[in-house]
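Structural characterization, general
What follows is each chain in one-letter form.
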Amino acid sequence: MPGWLEAGAWGLLGGGALLIGALVAWFVRVPSRVVATVMAFGAGVLVSAVAFDLTEEAVDQGGLGPTILGFAAGALAYVGANLLLARHGARHRKRSGDQQPGADQQGSGAAIAIGALLDGVPESVVLGASLLSGQGVSLSVLAAVFISNLPEGLSSAAGMKNAGRSARYVLGTWTAIALSAGVSALLGYLLLDGASGATLAVINAVAAGAILTMIADTMIPEAFEKAHLFTGLITAAGFLVALSLTTQGG
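On a predicted model such as this, the values are computed, not experimentally measured, just so you know.

**So, the overall build of the protein chain**
Of the regular secondary structure elements, the protein chain holds 8 helices and 0 strands. For the protein chain, the succession of helices and strands along the chain, N to C, is α-α-α-α-α-α-α-α. Taking as baseline every contact in the protein chain between residues at least 6 positions apart, the subset at least 24 positions apart corresponds to 84%. Of the roughly 11100 Å² of accessible surface on the protein chain, 68% is carried by carbon and sulfur atoms.

Below, the structure written as structure tokens:
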């Protein structure tokens with residue numbers, strides 16, 4: 001299988017967790033504490049991926065300077081885009097309760113969809129680029145993407161349903177975003193093939209900054225709202241599981 005096609009397939013697998021979560025949320029009433037627990041666990045897995053698979057690798061590839069610049073740029077870009085989307089109703093896009101705006105709020109549906117895409121593109125690009133090493137896909141990054149996307153799809157789709165969105169809109173949105181994840185991974189492989197170490201370092205660092213900011217801004221608040229004082233412990237467990245995968249993969 002060509003490398004670009006394999007990258008797209010892995011990206012589609014990771015993004016497919018969003019659609020799986022949305023399907024479950026639409027047809028099954030999942031207790032909010034279960035969603036929060038998986039969300040907290042997924043946050044811990046992502047934090048581990050940011051620390052050991054993205055930031056550490058970025059430093060090894062391009063040094064501390066490009067890593068810091070890329071990380072800061074990713075964080076600032078995410079915050080800026082998130083602030084803009086929040087004005088149009090996408091601030092609570094990961095919330096499972098009644099915080100999301102209803103279907104009658106003009107522009108909110110598109111903002112939520114764009115926000116979900118914003119959350120998923122950086123990790124998908126990095127997933128595709130991880131194949132460029134010639135050692136196959138990064139198992140820890142793939143696990144982080146899949147495990148974190150599942151509760152995101154669950155929580156956000158449940159919130160969309162509560163806000164009166166139609167099944168066609170909800171499932172169509174998450175199908176499109178899952179496909180976009182595959183395309184992002186494919187493009188990450190194609191566009192970064194032959195890139196210098198400094199370039200790869202900046203790309204990894206940008207993704208790391210955006211992902212860590214997203215965790216703190218959206219995943220942890222949703223998890224804490226239902227899991228409360230157990231959130232930290234569950235997040236730590238997710239971190240250790242992902243660390244184990246990273247160590248075994250190395």
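**Regarding the packing of helix 1 (residues 3-27) against helix 6 (residues 167-192)**
Interaxial distance between helix 1 and helix 6 falls to 7 Å at its minimum, and their mutual angle equals 160°. Viewed along their axes, helix 1 and helix 6 adopt a mutual orientation that is roughly antiparallel. In terms of crossing hand, the pair formed by helix 1 and helix 6 is right-handed. Here the contact of helix 1 with helix 6 is composed, by residue class, of 20 nonpolar, 7 polar and no charged.

**Observations regarding the confidence of the model for the protein chain**
On average, residues of the protein chain score 84 in pLDDT, and 88% of them are at 70 or above. Helix 4 (residues 108-129) is the least confidently modelled element of the protein chain, averaging 74 in pLDDT, while helix 1 averages 92, the highest of any element.

**Side note on the nonpolar core**
Leu46, Leu54, Ile211, Met214, Ile215 and Met219 are the most contacted members of the largest nonpolar core, which totals 23 residues. Sorting the residues of this core by element identifies helix 2 (32-62), helix 7 (197-227) and helix 8 (231-249) as the ones contributing at least two each. Counting residues in each nonpolar core, the second largest holds 14 residues, with Leu18, Ala25, Trp26 and Val170 among its members.

Reading the values: the criteria
- Residues numbered from 1 in each chain as written.
- Predicted model: local features only at pLDDT ≥ 70, side-chain atom pairs only at ≥ 80, totals over all residues.
- Heavy atoms only, no water.
- Helix = DSSP H or I, 4+ residues; strand = E, 2+ residues; numbered from the N terminus.
- Contact = heavy atoms within 4.5 Å.
- Areas by Shrake-Rupley, 256 points an atom, 1.4 Å probe, with all protein chains shown as cover.
- Axes fitted to C-alpha atoms, helices over the stretch in contact; angles between N-to-C directions.
- Parallel < 35°, antiparallel > 145°, perpendicular 65-115°, else oblique.
- Left-handed = near helix turned anticlockwise from the far one by under 90°.
- Nonpolar A, V, L, I, M, F, W, Y, C, P; charged D, E, K, R; others polar.
- pLDDT = per-residue confidence, 0-100.
- Core = buried A, V, L, I, M, F, W, Y, C linked by side-chain atoms within 4.5 Å.
- Buried < 20%, exposed > 50% of the residue type's maximum accessible area, 1.4 Å probe, protein only.

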